[in-house]
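Tertiary structure, described
Here is what each chain is made of, one letter per residue.
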Amino acid sequence: MTEITRLFDFPYYQLEKYNLEAALVTKYDGKWTPMSTQEYIDKANAVSRALLKIGIKKDDKIALISTTNRTEWNIMDIGVLQTGAQTIPIYPTISAEDYEYVLNHSEAIYCFVSDIDVLKKVRKVQANTKVKEVYSFNHIEGCKHYSELFELGKDESTQHEVQARKDAVLPSDLATIIYTSGTTGKPKGVMLSHNNITSNALDASDRLPFMDNVENRVLSFLPICHVFERVLIYLYQYAGATIYFAEGIDKIGENAKEIKPNLMSVVPRLLEKVYDKIMAKAEDLSGIKKALFHWAVRLGEQWEPYGANGAWYEFQLKIANKLIFSKWREALGGELHTMVSGSAALQTRLTRVFSAAGMQVMQGYGLTETSPVISVEMYANQHFRVGSVGKPIKNVEVKIAEDGELLVKGPNVMLGYFKDPVKTAEVMTGDYFHTGDKGEIDSDGFIKITGRKKEMFKTSGGKYVIPPLLENDMKQSLFIEQIMVVGEGEKMPAAIIQPNFEYIRGWINDKNYKIGTSQTEISASQLVIDRIQKDITTYNQNFGKWEQVKRFELTPDVWSIDGGHLTPTMKMKRKVITEIYQELYDKIYRS
């Protein structure tokens, strides 16, 4: 059996152990189109042969930019890596100027794009970069199609040259540079070796809740340019699962119904939106149906793992599952048993409700710099605890510094930041990487994240406030879409809030309120402000007086990636949001 020490070993291992007819599945022209493990490898080898023909050398850099996850991305990934070159995955949603920065900083010489929108942004800056040629996965007039590489590399007599290149790739060699989305400043290029990522996937593999000798289907939609989804893709290949690539984040429900996934990865923002939609639909119910729905949700909010609530609770839960939660599962295909959540903290309420509904949510924790998995939960072997991010995976050591910061050591820790030894030195103490996150480790080894060092602030009274803890609680309000707690150096914490415009419009109509429903009218409505204040007052009770949100202002905009409010991984750009809404900030503290 192939020993997996480099990223391109994963498909070969899958071929020997599983030899799937449907390894990677993408929807083209409305039809799910599978690719077998063998064809996946054959196409990757053709790409490698073509790249050698066009002069790709060891350590050359090739950029991959795709709006959605798709089979082609994976073929290119393996095809490039087998030559000893490196892949530079780039977020499709960033600006053309950011493309220019990443392409130049990484010194990429070829670029593969998914579609016309990405191509336009690359073409806008290509002349200012070292990119010699752009290829596209879609057929676009005036752009080379990536299938030209299959034609160029069809002569298998040169495969021995590819094999020689593969043999020369060491596990310690650089595999990829992933540019962090960055909540501040220019993105940093995180250098990850083959060993960083392969060790991480293999060391995390025993947390995957797949059954042997059963067809396991996964739905992939989180950006593959992010290391979280990318490592999962390698892990799914290792486990012999069939990977379906969603058409887009807006088609997840539709695609899930079609393919009936057993597992998918999520980010908290997505689960929040799914939950909000379910709750909004419940408002259309009436009488006994509405009463049963809310009874089931209240029951779900009390859920504890391993039957800890006792037999009577479990009996009620069976009824709730049959009457209510079964419909939730049907909306996502009916066979989804596990969701792996990463990228940000998840509200415990959502962990409980979805787990009660038979779709267990396993939180993981990690950073791009740690390839990424540091810890992850699993339901088996008592490795699950609500509110934690699980226990560290094999071969990864976590300790807490004197100031409460989590430090990590292991084969998954990055090689460093590309062209930036100073920043690299700032985050390393010997073999330990400074995560920037504060946390606790309980007596059973479970990790709990308590906040981000940089996000904590002191009020003028000298009291510490941890914004994510407040924000996570307050986002439970159906009236709040996004909330950013502010107040560094000020006399009290306050918040800038993006209302949940969609939900509020439904609420206004249901209640027959005579107020306008545009975003500007909603954000200025005293009725809306009072209703949000009611929820803020409720959630404030969970916190000390010094950290409670005393005032807030509503924004008339939807916070978005394009608007500059959010990073491509949906994290808030706190500094940018403060700058955009400086007037609201001043209204809170200066008026």
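Higher on the page you've got the structure.
In this text the structure is predicted, and so the values were computed from the model without any measurement.

Turning next to empty space enclosed by the protein. Summed over all chains, the structure comprises 1 cavity of 30 Å³ or more. Along its surface, the largest cavity is lined by S66, T68, N69, W73, I90, I224 and C225. Residue composition of the lining of the largest cavity, grouped by class: 4 nonpolar, 3 polar and no charged.

Along helix α3 (residues 71-81), 11 of the 11 residues are buried, which leaves the element largely enclosed by surrounding structure. Among the residues of α3, those classed as buried are T71, E72, W73, N74, I75, M76, D77, I78, G79, V80 and L81.

Time to look at the side chain of S36. Mapped onto the elements, S36 comes out in the loop between β2 (31-35) and α2 (37-53). For S36, the residues in contact, after removing those within four places along its chain, are L20, E21, A22 and A23.

Ordered in space as β25-β26-β27, the 3 strands form an open sheet in which the pairing is mixed. Bordering the open sheet on either side are β25 (480-486) and β27 (551-554), each of which pairs with just one other strand. Taken over all neighbouring pairs, the strand axes of this sheet differ in orientation by 25° on average, direction set aside.

Right, let's get into the pairing of strand β4 (residues 86-89). Burial along β4 is two-sided: the residues Q86 and I88 and T87 and P89 are all buried. In this sheet, β4 lies alongside strand β3 (residues 61-65) in parallel orientation, the contact comprising 4 bridges. Of the residues in β4, the one forming a bridge with L64 is P89. Taken together, β3, α3 and β4 form a β-α-β motif whose crossover is right-handed.

What follows deals with the pattern of salt bridges. Counted according to the given criterion, the structure contains 32 salt bridges. Close ionic contact of D77 with R230 constitutes a salt bridge, the shortest N to O distance being 2.9 Å. Within this pair, whereas D77 is found in helix α3, its partner R230 is found in helix α9 (residues 227-239), the two being separated by 153 residues in sequence. Overall, D77 belongs to the buried group, its relative accessible area being 1%. Its salt-bridge partner being K419, residue E107 comes within 2.8 Å of it at the nearest N-O pair. Remark: K419 occurs in the loop between β19 (416-417) and α15 (421-426) and E107 occurs in the loop between α4 (96-106) and β5 (110-113); sequence separation between them is 312 residues. Residues joined in a network through salt bridges with shared partners are R269, E272, K273, K475 and E481.

Here we take up the packing of aromatic side chains. The full count for this structure, using the stated rule, is 20 aromatic pairs. Their ring planes at 80° and their centres at 5.2 Å tell us that F137 and Y146 sit as a pair that is edge-to-face. Classification of F137 by relative accessible area gives buried; the value is 3%. One aromatic cluster is present, built from ring pairs that chain together F293, F325, W328 and F354. The ring of W546 has K463 sitting right over it, with the charged end atom 5.4 Å from the ring centre.

Under the 1.5 Å per step criterion, the end-to-end length of helix α11 (residues 268-282) is 21 Å for 15 residues, consistent within 8% with the ideal 21 Å. Of the positions making up α11, those classed as buried are P268, R269, L270, L271, E272, Y275, D276, I278, M279 and A282.

Here we come to the side chain of T459. Examined against the element boundaries, T459 turns out to sit in the loop between β23 (457-458) and β24 (464-465). Residue classification places T459 among the buried positions, given a relative accessible area of 8%. Ignoring anything within four residues of it in the chain, the contact list for T459 reads V465, G487, G489, E490, K491 and P493.

Attention shifts here to the sheet that holds strand β1 (residues 24-28). Reading across the sheet, the 9 strands line up as β2-β1-β11-β10-β12-β13-β14-β15-β16 and stay open at both edges, with mixed pairing between neighbours. Each edge of the sheet is formed by a strand with only one pairing partner; in this case those strands are β2 and β16 (391-392). Across 4 bridges, the pairing between strand β13 (residues 338-341) and strand β14 (residues 360-366) is parallel. Along β14, the bridge assignment pairs T338 with Q360.

Moving on: the nonpolar core. With 146 residues, the main nonpolar core has F112, Y236 and W328 as its most contacted residues. At 9 residues, α9 tops the list of elements feeding residues into this core. What Y236 contacts, discounting residues up to four positions off in sequence, is Q14, L208, F210, V218, A241, I243, L263 and S265. The next biggest cluster of nonpolar side chains, apart from the first, holds 27 residues, and it includes I88, Y99, L174 and I177.

Each value, and the rule that gives it
Residues numbered from 1 in each chain as written. Predicted model: local features only at pLDDT ≥ 70, side-chain atom pairs only at ≥ 80, totals over all residues. Heavy atoms only, no water. 1 Å grid on protein atoms, 1.4 Å probe; cavity = no way out; pocket = protein on both sides within 12 Å on 5 of 7 lines; lining within 4 Å. Points joined across faces, edges and corners; volume = space filled by probe spheres on them. Nonpolar A, V, L, I, M, F, W, Y, C, P; charged D, E, K, R; others polar. Buried < 20%, exposed > 50% of the residue type's maximum accessible area, 1.4 Å probe, protein only. Helix = DSSP H or I, 4+ residues; strand = E, 2+ residues; numbered from the N terminus. Contact = heavy atoms within 4.5 Å. Pairing = 2+ DSSP bridges. Axes fitted to C-alpha atoms, helices over the stretch in contact; angles between N-to-C directions. Right-handed = clockwise from strand over helix to strand, strands pointing away. Salt bridge = Lys/Arg side-chain N within 4 Å of Asp/Glu carboxyl O. Phe/Tyr/Trp six-rings, centres within 6.5 Å; stacked < 30°, edge-to-face > 60°. Lys NZ or Arg CZ within 6 Å of the ring centre and 35° of its normal. Expected span 1.5 Å × (residues − 1). Core = buried A, V, L, I, M, F, W, Y, C linked by side-chain atoms within 4.5 Å.

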